[in-house]
Amino acid sequence: MGEIHDGSCLCGAVRFRAHGALREIVACHCAQCRKQTGLFYAATNVKRTDLTIEGEEAMTWYAASNFARRGFCATCGSAMFWQENDGAWISILAGSFDTPLEGKIGRHIFCEGRAQFYDIEDGAPQYQKGSPGLSVAPA
């Protein structure tokens, strides 16, 4: 069956299981991600058909733009998902997995929106907006 990755929100009302290999972790520094999480959004992704969510009744989906929506637990407020409207892939916040993900951030996007109180010094590529081959909301 391949790789299985389980995770949940802080209170456990929403649980998920991702089947298959995960994409590298991408850190998004745009204003929306910064405001939702308080810093930046570090996420991987899987095909939506490879993700099972339990406790969906405890989830709230917020239409952050005409392009995508953000999923979070309505009970504890944990930010969990980002999905392009009708997209085949869904991003999962890297910190929501039960077992910490291995590896490092593969790239940083929307660095122009980065909060000025921190620097990005991990050596991963940095893009002022999106990056090649990655579906992101239009700037």
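Being a predicted model, the structure only gives us computed values, none of them experimental.

Q: An account of the sheet that holds strand β1 (residues 4-8) is requested, with residue identities and associated values reported.
A: Note: strands within a sheet are paired through backbone hydrogen bonds, in either parallel or antiparallel orientation. In spatial order, the strands read β1-β2-β5; together these 3 strands make up an open sheet with antiparallel pairing. In the strand order of this sheet, the two ends are held by β1 and β5 (51-54), each with one partner. Averaged over all pairs of adjacent strands, the angle between strand axes in this sheet comes to 15°, irrespective of strand direction. The pairing of strand β2 (residues 15-19) with β5 spans 4 bridges and is antiparallel. By the bridge assignment, phenylalanine 16 is partnered in β5 with isoleucine 53.

Q: How would you sum up the environment of phenylalanine 117? Please name residues and give values.
A: Within the secondary structure, phenylalanine 117 is located in the segment after β10 (105-109). The class of phenylalanine 117 is exposed, set by a relative accessible area of 65%.

Q: Kindly report on the state of the cysteines, identifying the contributing residues and their values.
A: Within the structure shown, the criterion is met by 0 disulfides. Between cysteine 33, a free cysteine, and cysteine 30, which holds the nearest cysteine sulfur, the sulfur-to-sulfur gap is 3.7 Å.

Q: Break down the sheet that holds strand β7 (residues 68-73) for me, with residues and values.
A: The sheet built from 7 strands is open, its strands ordered β6-β7-β8-β9-β4-β3-β10 with mixed pairing. A strand with exactly one partner marks an edge of an open sheet, and here the two such strands are β6 (59-62) and β10. Each adjacent strand pair in this sheet contributes to an overall mean axis angle of 30°, direction not counted.

Q: Which residues make up the pairing of strand β8 (residues 79-84), and what values do they have?
A: In summary, the side chains of a regular strand alternate between the two faces of the sheet. Burial within β8 is extensive, with 5 of its 6 residues counted as buried. By the bridge criterion, 5 bridges tie β7 to β8 in an arrangement that is antiparallel. Counterpart to phenylalanine 72 in the pairing with β8 is alanine 79. Strand direction decides the pairing type here: β8 and strand β9 (residues 89-93), joined by 2 bridges, are antiparallel. Looking at the pairing, phenylalanine 81 lines up with isoleucine 92 of β9. Turn length for the β8-β9 hairpin, with the two strands adjacent in sequence and antiparallel, is 4 residues, and the turn residue aspartate 86 shows positive phi of about 60°.

Definitions and cut-offs
- Residues numbered from 1 in each chain as written.
- Predicted model: local features only at pLDDT ≥ 70, side-chain atom pairs only at ≥ 80, totals over all residues.
- Heavy atoms only, no water.
- Pairing = 2+ DSSP bridges.
- Helix = DSSP H or I, 4+ residues; strand = E, 2+ residues; numbered from the N terminus.
- Axes fitted to C-alpha atoms, helices over the stretch in contact; angles between N-to-C directions.
- Buried < 20%, exposed > 50% of the residue type's maximum accessible area, 1.4 Å probe, protein only.
- Disulfide = S-S within 2.5 Å.

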